[in-house]
Amino acid sequence: MEYLDLQYNEYTTEMYAQLEKGIFLTTKVDEKVNTMTIGWGGVNFIWSKNVFIAYVRYSRETYNMLEKAEEFTISVPLTNEMRKELSFCGVKSGRDFDKITECNLTLINGRKIGTPIIGECDLHYECKVIYKQAIEPGSILDSVKERFYKNNNYHVIYYGEIVDTYMLKGEK
Ligand SMILES: Cc1cc2nc3c(=O)[nH]c(=O)nc-3n(C[C@H](O)[C@H](O)[C@H](O)COP(=O)(O)O)c2cc1C
């Protein structure tokens with residue numbers, strides 16, 4: 001297994017192309033590790049920091065975990081489609097399933113934070129939450145609210161400072 005160190009904004013074209021299909025956001029609280037598929041978000045630059053912004057609805061177990069963990073990892077499959085795993089982790093909740101075991105995912109320790117990454121993926125970001133903000137229902141265009149928030153299950157936006165970015169190569 002070999003690490004290829006990257007700048008936070010290398011491989012963003014590939015990352016965004018995969019984001020449309022889903023990438024993994026992983027959290028850890030005590031000994032519990034959970035991962036969920038995300039399709040919205042991306043890298044950004046604010047307060048002179050590189051950040052990964054993720055949108056997590058209140059109903060997700062990931063939301064409960066992020067409130068405690070204050071850090072997360074993002075793992076992006078580039079060479080391996082991982083369609084089955086992304087769809088399982090995109091509908092099943094960590095409240096009901098140990099998705100890591102169910103999907104046979106390999107956890108590899110983070111280098112800079114306590115949350116692991118998903119070893120079957122290629123591109124990884126390790127992030128520390130530096131800001132979060134609940135979507136403000138009064139500020140959304142009615143048509144967007146109607147389409148995405150009929151049930152009031154709003155997103156909380158997490159800004160994770162990217163403290164490490166790398167590609168993982170070779171046998172895990
Ligand atoms: C392709 C895809 C993209 C998704 N993107 C998001 C997202 O950006 N934010 C979100 O809250 N849920 C998203 N979901 C839904 C969650 O992955 C799903 O509700 C998951 O079961 C939550 O797991 P958890 O309860 O263990 O956190 C997505 C699902 C799929 C299939």
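Residue numbers restart at each chain and count upward from 1, following the sequence in its written direction. Selection of residues for local features in this predicted model requires a pLDDT of at least 70, selection of side-chain atom pairs for listing and counting requires 80 or more, and totals for whole chains, interfaces and linings are taken over all residues. With hydrogens and water excluded, all non-hydrogen atoms of the structure serve as input to the side-chain values.

### Some thoughts on the side chain of Thr-35
Item 1. With respect to the element layout, Thr-35 can be found in strand S3 (residues 32-38).
Item 2. At 3.3 Å, the side chain of Thr-35 and the backbone oxygen of Leu-25 are in polar contact.
Item 3. Here a polar contact is taken to be a pair of N or O atoms separated by no more than 3.5 Å, where protein atoms must pair a possible hydrogen donor with a possible acceptor and residues adjacent in sequence count only if both atoms sit in side chains. Polar contacts involving the side chain of Thr-35 include one to the side chain of Thr-26, which spans 2.9 Å.
Item 4. Residues contacting Thr-35, with those up to four places away along its chain left out, are Phe-24, Leu-25, Thr-26, Cys-89, Lys-99, Ile-100, Leu-105 and Ile-118. What counts as a helix is a DSSP run of H or I of at least four residues, what counts as a strand is a run of E of at least two, and both are numbered from the N terminus. Working rule for contacts: check all heavy atoms of both residues, and any pair within 4.5 Å makes them a contact.

### Quick notes on the side chain of Thr-62
Item 1. Mapped onto the secondary structure, Thr-62 falls in helix H2 (residues 61-69).
Item 2. Relative accessibility decides the category of a residue: with a 1.4 Å probe and only protein chains considered, values under 20% of the type maximum give buried, values over 50% give exposed, and everything between is partly exposed. Classification of Thr-62 as buried rests on a relative accessible area of 1%.
Item 3. Every residue in contact with Thr-62, bar those within four places of it in the chain, is listed here: Leu-25, Thr-27, Asn-34, Met-36 and Val-56.

### A word on the layout of surface pockets
Item 1. Note on definitions: the grid is 1 Å and covers protein atoms alone; a cavity is a set of points where a 1.4 Å probe fits but cannot get out; a pocket is an open set with protein on both sides within 12 Å along at least five of seven lines; lining residues have an atom within 4 Å of a point. Grid points are joined across faces, edges and corners, and a volume is the space filled by probe spheres set on the points. By volume, the largest pocket is sized at about 410 Å³.
Item 2. The wall of the largest pocket is formed by 22 residues, among which Met-36, Thr-37, Ile-38, Arg-60 and Gly-90 lie closest to the centre.
Item 3. At the level of secondary structure, the elements contributing two or more residues to the lining of the largest pocket comprise S3, strand S5 (49-57) and H2.
Item 4. In terms of residue count, S3 provides more of the lining of the largest pocket than any other element does, four residues in total.
Item 5. Any residue outside Ala, Val, Leu, Ile, Met, Phe, Trp, Tyr, Cys, Pro, Asp, Glu, Lys and Arg is labelled polar, Gly included; the first ten of those are nonpolar and the last four are charged. Tallied by class, the residues present in the lining of the largest pocket amount to seven nonpolar, nine polar and six charged.

### Some points on the packing of aromatic side chains
Item 1. Pairing of aromatic side chains here covers Phe, Tyr and the six-membered ring of Trp, requires ring centres within 6.5 Å, and sorts the geometry by plane angle: under 30 degrees stacked, over 60 edge-to-face, intermediate tilted. If you walk through the whole model with that rule in mind, you get nine aromatic pairs.
Item 2. Ring geometry for Trp-47 and Tyr-159: centres 6.1 Å apart, planes at 35 degrees, overall tilted. Taken together, the residues Trp-47 in the loop between strand S4 (41-46) and S5 and Tyr-159 in strand S10 (residues 155-169) connect sequence positions 112 residues apart.
Item 3. Residue Trp-47 is classed as partly exposed on the basis of its relative accessible area of 48%.
Item 4. Residue classification places Tyr-159 among the buried residues on the basis of a relative accessible area of 15%.
Item 5. Grouping aromatic residues by their ring pairs yields a cluster made of Trp-47, Tyr-131 and Tyr-159.
Item 6. Its guanidinium or amino end placed over the ring of Tyr-166, Arg-111 lies 4.4 Å from that ring's centre, counting from NZ or CZ. Lysine and arginine charges are scored as sitting over a ring when NZ or CZ, respectively, is within 6 Å of the ring centre and within 35 degrees of the ring normal.

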